[in-house]
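# What the coordinates show
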Amino acid sequence: MRKQRKSSKKESGSLGTQALFCIRAAMLSCIVTAVLILVLALLLKWSLVPLSSVRLINTIIKSICACTAGFLCARRISRRAYLFGGLGGMLYIVMAYLIFALIERSFSLDWHMVSDLALGFACGTGTAIICRLAQDLREQAS
C-alpha cells in the first residue's frame, strides 16, 4: 500500500514547484496592475488626479504589485522565501513590461528597465522577509 502524503499549505518542494509559484504570483500581480491602471485612467478622466502625477503613480503601482508578488511567493514557499519573493517581483516587472510593450508596440531596453528590475527585486524581497518573519512570530507564539 502507498502512504499518502499530508498536504500542507506551504509547498516547499522542488525548485520547479517554487518557480511555478513565482510565475503564478507574477501573473496575479499583472492582473492587479491592470485593475490599478484602470482605476488610474478613471481618476484621470474625472480630473481627480493631475496628469503630471502619472509617473509617480505608475511607480507606486509597480511597487505595490511587486510587493504583492513577493507576498504571494512567501505565503507558499517556506525556505529561501526572500530569494523567491525577489524573483517573483522581478518576474512581475518583466511580464508587465512585455505586456505593455505589446500594447504600445514599442520595445526598448534601457536603464529604466534595469531600475525597475531593481525596484521589483527590492520590493519582492522586502515583503517576503516581512511576511516570513510575521509567520515565524505567529508560529512561536502558539
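Notes on the structure in this doc start here. Since the structure is predicted, the reported quantities are computational estimates derived from the model, not experimental observations. (Residues numbered from 1 in each chain as written. Predicted model: local features only at pLDDT ≥ 70, side-chain atom pairs only at ≥ 80, totals over all residues. Heavy atoms only, no water.)

### Digging into the state of the cysteines
By definition, a disulfide links two cysteine residues through a covalent bond between their sulfur atoms. To keep it simple, the criterion reads: We call a pair of cysteine sulfur atoms a disulfide when they lie within 2.5 Å.
Applying the stated criterion across every chain yields a total of zero disulfides. Looking at C22, it has no disulfide partner, and the nearest cysteine sulfur is the one in C73, 3.6 Å off. Sulfur of C123: no disulfide; nearest cysteine sulfur belongs to C67 and is 4.1 Å away.

### Concerning the nonpolar core
Applied cut-off: Among buried residues, the Ala, Val, Leu, Ile, Met, Phe, Trp, Tyr and Cys ones that are joined through side-chain atoms within 4.5 Å form a nonpolar core. For each residue, the accessible area found with a 1.4 Å probe, counting protein chains only, is set against the maximum for its type, and the residue is called buried under 20%, exposed over 50%, and partly exposed in between. Numbered from the N terminus, helices here are DSSP runs of H or I no shorter than four residues, and strands are runs of E no shorter than two. Working rule for contacts: check all heavy atoms of both residues, and any pair within 4.5 Å makes them a contact.
Residues C22, A25, I77 and Y92 are the most contacted members of the largest nonpolar core, which totals 20 residues. Those elements that place two or more of their residues in this core are α1 (15-45), α2 (54-76), α3 (81-104) and α4 (111-141). Look past the residues within four positions of Y92 in its chain and what remains in contact with it is A26, S29, C30, T33, I61, K62, C65, A66 and A69.

### Some remarks on the pattern of salt bridges
Short version of the rule: Salt bridges are identified by distance alone: a Lys or Arg side-chain nitrogen within 4 Å of an Asp or Glu carboxyl oxygen.
This model, assessed by the stated rule, comprises two salt bridges. The residue D116 makes a salt bridge to K62 at a minimum N-O spacing of 2.8 Å. On the criterion of sequence distance, the pair formed by D116 in helix α4 and K62 in helix α2 is long-range, its members being 54 residues apart. Of the residues examined, D116 reaches a relative accessible area of 17% and is grouped as buried. With its nearest N and O atoms 3.5 Å apart, the salt bridge here joins D136 to R132. In this pair, D136 and R132 both sit in helix α4, four residues apart, roughly one turn of the helix. Residue R132 is classed as buried on the basis of its relative accessible area, which comes to 13%.

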